[in-house]
Structure formats: structure tokens, C-alpha cells
Amino acid sequence: EIRQLIKQTENIDELKRLVTDYQLNAHEIINEKTGQDFPRAQIGLIVASAGIYHSKGLLDDFREGLQDAVTYAANIGEIETANKLRSVLASN
């Protein structure tokens, strides 16, 4: 399972490949979402992926992912979500 492999890997290139695989698998589920559920699921995936990087100590990748989530949330009018994510960014 991808999540277990992510936990076990210490190789950054391998980790990034696994995160990409994780995202591709998640998109299969997300693409079935409709209405506001779709963009919210997208934001959730971006945040989850950023969290993986954070857990591995890759803070630049974490911040980049979180900034992408902030931008996405702000662009779809999820201002409260964007502000919460900005707060997390500011503390990291």
C-alpha cells in the first residue's frame, strides 16, 4: 500500500514519486465528486500531500503545497479555509 511505503521510505526522490502515485489514486475518487465537494476534495488532497512532506521534514515542499492550497481555496471563495491555511503557514 502506498501509505505504508511513504512511511517507510527515506529516499526523497522515491518519496516524491510515491506522493505522485498517492495523488493519482486519490484523483480517481475526487473526480467522482460533484458541486462544491470536488474543489474541497482537491484542497484536502493538496493539504494531505503537504502533510506527508511535513512528516518527512521537507518543509519547503510542505510550505509550497500549503501555499497551493491557500491559492486554490481563495480562488474558489473558501476564504475561511484559506485563512486557516495561511495561519498554519505562518506558524511553520
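Below or above, wherever it landed, is the structure these notes cover. (Residues numbered from 1 in each chain as written. Predicted model: local features only at pLDDT ≥ 70, side-chain atom pairs only at ≥ 80, totals over all residues. Heavy atoms only, no water.)

Let us now look at the pattern of salt bridges. Enumeration according to the criterion identifies eight salt bridges in this entry. Between Asp21 and Arg17 there is a salt bridge; the shortest N-O distance is 2.8 Å. With Asp21 and Arg17 both in helix 2 (residues 12-30) and four residues apart, this pair spans about one turn of that helix. Here Asp60 and Arg63 are joined by a salt bridge, their closest N and O atoms 3.5 Å apart. Placement of the pair is Asp60 and Arg63 together in helix 4 (residues 59-75), with a separation of three residues, close to one helical turn. For Arg63, a relative accessible area of 30% puts it in the partly exposed group. Several salt bridges share partner residues, and in doing so they unite Glu14, Arg17 and Asp21 into one network. (Salt bridge = Lys/Arg side-chain N within 4 Å of Asp/Glu carboxyl O. Helix = DSSP H or I, 4+ residues; strand = E, 2+ residues; numbered from the N terminus. Buried < 20%, exposed > 50% of the residue type's maximum accessible area, 1.4 Å probe, protein only.)

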